[in-house]
Amino acid sequence: MRLIAVHPACSLAPYAHNAVDLRRPSTLSRWSPVPERTLLQRIAAGDETAVQETIDRYSGLVWSLARRLSPTRADAEDAVQEIFVSLWKSADRFDPSTAQESTFVSMIARRRLIDRLRKSGRRPTVSEPLTPHADPAAPADTPPQEGDARAVAHAFTELSEEQQRVLRLSIQHGQSHSQIAESTGMPIGTVKTHARRGMIKLRDLLGEFAGSPVTEASA
Amino acid sequence: MSTPTPGTDRLHELLAARALDELHHDESAELERLLASAGDDDSFDLLAARLDQALAPVDDEPVPASVLASLHEAGERFLSEPVPSEPDVLASIAPPARTLGSLGWLAAAACLLLAALAWFPQRSATSPVGFDAVASAPGALTVGLSADLAGEQPIGTLVWDAQNQRGVMRFEGLALNDPSVEQYQLWIFDASRESFNESPLEIRHPVDGGVFDISADGVVDVPIDARVPVGQPVLFAVTIEPPGGVVVSDRSRIAAVGIPG
């Protein structure tokens, strides 16, 4: 086959004039590639290298969760290994059409950590004073977000102040409802109501009822 | 969007409580009854995880080396002692019928996976391979690349070894690119993944064949980096995209096209 130099110029710009026009027929839409398999999908498919890759990618996330939701550092160290084993065993349950992989990892980690807390009967202590003047729901300790996290954080601000406060103490600090009631002075029934209604409202705000998928690309 | 009913309202309330680990014993039994008809739902657990990610303070504390070491050891043990898939930690409150349904789904998924593995050839290691080596492989495809669909402006040749899932593009005269401004990206249209009626261009989700640069004049060989297995390539197209490539191409700048004969 004879090969010819079509565009010897250093810039690609002139090439656009001669480029094949694949925008026709007009019924064709844009191309998006077949999604690559996620680490967990690769594990489920028997790709052994993906097991170690999950450690590289998610050990920081899991360690952060374990430190925050464990009573002691030693507990956190024990929990991390248990979480990863659970994650590898659960890899075939991950559905990328319903959640980002990192969210699934967080969910598995939270479940394990909560399970350990329940069995031990201990809860992590909150180092910050929980007075109304040092409200944990205040945005001061909220990190900069992007993608899905930004959307969730934005929806979170739509909740009432009480709902935000209770959910932050429950989810971020791993506090039980009775602990929250004690630290905030709210009746425990009120804490329960704020927590449940806050979660349901947040779910509504994020359009979960529509079943909209969340993908890594949207992050 | 489904319309919430009193029953679903209560179900969501209980699912929210479960996600916060604040489900009482009597509520667990009630949730089990509700899930018997609705099927299990971990959306609130995922929501709690998303909220945690959104609210969590930035934690720059590195993972201790001892923890990482024990994790890697655990990974090795996991690989050497394969164990069955772990049941969902929430499954204890799910009715038996649901568990059986899940097993059926898993079995079906396993069958599909086995079928896919049987259909797609094993992908080889990604070590560089020469144009001639690929071209001489049994059953290898050789496809002329042209700047037009009619094949009147030849610009190179592509060879693809389906058995080993490897390929090389050989260009001559394709314009040099500045990687900081734009890069080339190969798209592989795979009829085994998506059917079409009249033209392979109807395929909307081609395989990403990798991003590459042309950094020298003359003949340049570029290995193909297909991100997923390719079963039946029916068209190869090279587009010009922003640095790093794109996940959605508007196809506005096509540099080369090749159609297997």
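This text goes with the structure placed above it.
Residues numbered from 1 in each chain as written. Chains lettered and ligands numbered in written order. Predicted model: local features only at pLDDT ≥ 70, side-chain atom pairs only at ≥ 80, totals over all residues.

## Some details on the overall build of chain A
No. 1: Broken down by element type, chain A carries nine helices and zero strands.
No. 2: Along its sequence from the N terminus, chain A presents helices and strands in the succession α-α-α-α-α-α-α-α-α.
No. 3: When the 219 residues of chain A are sorted by exposure, 41% land in the buried category.
No. 4: The contacts in chain A between residues at least 6 apart in sequence include a share of 68% that link residues at least 24 apart. (Helix = DSSP H or I, 4+ residues; strand = E, 2+ residues; numbered from the N terminus. Buried ≥ 20, exposed ≤ 12 C-beta atoms within 10 Å, placed from the backbone. Contact = placed C-beta atoms within 7 Å.)

## Regarding the overall build of chain B
No. 1: For chain B, the helix and strand inventory stands at six helices and eight strands.
No. 2: For chain B, the sequential pattern of α-helices and β-strands runs α-α-α-α-α-α-β-β-β-β-β-β-β-β.
No. 3: Sorting the 261 residues of chain B into buried and exposed places 31% on the buried side.
No. 4: Pairs at least 24 apart in sequence give 62% of the contacts found in chain B among residues at least 6 apart.

## Some thoughts on helix α3 (residues 43-55) of chain B
An α-helix turns once per 3.6 residues; consequently, residues spaced three or four apart project the same way.
All names here are of chain B.
No. 1: Relative to the 18 Å expected for 13 residues at 1.5 Å per residue, α3 spans 18 Å between its end C-alpha atoms, a close match to the ideal helical length.
No. 2: Along α3, twelve of the 13 residues are buried, which leaves the element largely enclosed by surrounding structure.
No. 3: Restricting attention to buried positions, one finds in α3 the residues Phe44, Asp45, Leu46, Leu47, Ala48, Ala49, Arg50, Leu51, Asp52, Gln53, Ala54 and Leu55. (Expected span 1.5 Å × (residues − 1).)

## Digging into the environment of Leu31 of chain B
No. 1: Within the element layout of this structure, Leu31 of chain B appears in helix α2 (residues 25-38).
No. 2: The spacing of Leu31 of chain B and Leu11 of chain B is 20 residues in sequence and 6.7 Å in space, taken between C-alpha atoms.

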